[in-house]
Amino acid sequence: MNRTAFDPHDVRGDFPILSRRIHGTPLVYLDSAATSQKPKRVLDTLATFYETSNANVHRAIHHLGEEATAAYEGAREILCRFIGAGDPTCCIFVKNTTEGLNLVANSWGRSHLQPGDEIVLTEMEHHSNIVPWQLVAQERGAKIRYVPITSDGLLDMEAFAGLLTNRTRIVGVAHASNVLGTINPVAEIARIAHDAGAIVVADGAQSVPHMPVDVTTLDVDFMAFSSHKMCGPTGAGMLYGRKELLEEMPPFLGGGDMIERVSKEGTTFAKLPYKFEAGTPDIAEVVAMGAAAEYLSDLGLDVIHTYETELVDYALEQISTLEGVRIFGPREGRASLVSFSFEKIHPHDLSEFLNQDSIAVRAGHHCTHILHDVLGVPATTRASFAFYNTFEEIDLLVRSCRKAIDFFS
Ligand code: 7TS
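What you see is a predicted model; the values in this text were computed from it and never measured.

(A) Examining the confidence of the model for the protein chain more closely. Residues at a pLDDT of 70 or more form 100% of the protein chain, whose mean pLDDT is 97. Confidence, expressed as mean pLDDT per element, reaches its minimum in the protein chain at strand β1 (residues 21–22) with 94 and its maximum at strand β9 (residues 222–226) with 99.

Below is the structure:
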């Protein structure tokens, strides 16, 4: 295999946690889809903010208040560029992908859905792009339809087109599946959905950290993603929304910072993006999320994507040599994770076994019950990669799986 020039050893030193040994063995962290590790630049940004600039935002006239506000708004501009949004006022800080998707369901969904309207989701959605829609559908009397997946783990695009009706209001789709690794053709989905008069809500949790994502080219109406999966801290995330939609949407949460004027008679709301940012935000985390986006941009999202594609191709090749393994998802064009199972080993037993070799993977349903029902397995084992992972770590994973197969047979 002809590999790219990117060398993960050049960046591993940026991540203090990667030099940990657990029970005397070097850590092999293969759970970045759950949460990524954080480089020193992000950790330093958090500490420096608290050590030098800590103050609340958008209120104090004093020097620290101005510095904190500038850092917070600076992060919004960095992230706006990072996802090609064009207009920072369309970029709303939330606490994670889940909150971003709940914002859309509660604000746009509750104010637009009528009884008999339809929401189209896919069978591979994470619960955070299902449950908020189920809640609002129940309240508004709307119906949910699910786009089936093919045996290769791709969306059945013909079935998708067939599910759209003149009652379809919303299409919700994961840009990249956290279990199958499938990268869905979001631009094509948006074109078809828009032709049918529906809006598109994309879940970018597993795509934004790993590949160049441009919301303008994809032409989505909303996209949510989390800081903690893109080398940033927990507690921060972003919802991008199309301006015309955000402007006419009612607020999601009410409180300080999101108002223009409050009187006994009622309240008028602040302009975008503040209408959707009630209360004191996760200021330091947002600032450090900006540092994470800059760190990834400096490495190059195209470089990251190319390298991670090589990693996942190698992982697929090696894992497929294991006796009795079933691998889920497409063989090509996928995000950097592999979910697999063995008929005779429970995924929890396997992950416990791997843990003894200091290898961290995730086992379970990965918040995708509907997908696991369709796949016909209660749980899978998932190894998920980031650019700081190495080919040698995949060899260690496969070697440890082989030991587990011997042990459990
Ligand atoms: N959407 C997808 C596709 C995800 O993978 C996740 C988290 C979420 C949404 C929710 O993100 P949060 O930051 O709001 O929690 N996925 C996983 C996972 O696969 N393992 O742990 C969390």
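Following the structure, the description resumes.
(B) Structural view of the packing of aromatic side chains. Enumeration over the complete set of coordinates arrives at 14 aromatic pairs. Taking 6.0 Å as the distance between ring centres and 85° as the angle between the ring planes, the aromatic pair formed by F340 and F342 counts as edge-to-face. F342 carries the same exposure label as F340, and that label is buried. Aromatic pair F387 and Y388: ring centres 5.4 Å apart, planes at 70°, arrangement edge-to-face.

(C) Highlighting the sheet that holds strand β7 (residues 168–174). Read from one edge of the open sheet, 7 strands run β4-β10-β9-β8-β7-β5-β6, paired in mixed fashion. Looking at the sheet topology across the chains shown, the edges are occupied by β4 (91–94) and β6 (143–147). Each neighbouring strand pair of the sheet contributes to a mean axis angle of 20°, computed without reference to strand direction. Sheet analysis places strand β5 (residues 118–122) next to β7, joined by 3 bridges and oriented parallel. Across the sheet, I119 pairs through a bridge with I170, a residue of β7. Sitting on the sheet, helix α5 (residues 131–140) is in contact with β5, β6, β7 and β8 (199–203), with an inclination near 145° to β6.

Thresholds applied
Residues numbered from 1 in each chain as written. Predicted model: local features only at pLDDT ≥ 70, side-chain atom pairs only at ≥ 80, totals over all residues. Heavy atoms only, no water. pLDDT = per-residue confidence, 0-100. Helix = DSSP H or I, 4+ residues; strand = E, 2+ residues; numbered from the N terminus. Phe/Tyr/Trp six-rings, centres within 6.5 Å; stacked < 30°, edge-to-face > 60°. Buried < 20%, exposed > 50% of the residue type's maximum accessible area, 1.4 Å probe, protein only. Pairing = 2+ DSSP bridges. Axes fitted to C-alpha atoms, helices over the stretch in contact; angles between N-to-C directions. Contact = heavy atoms within 4.5 Å.

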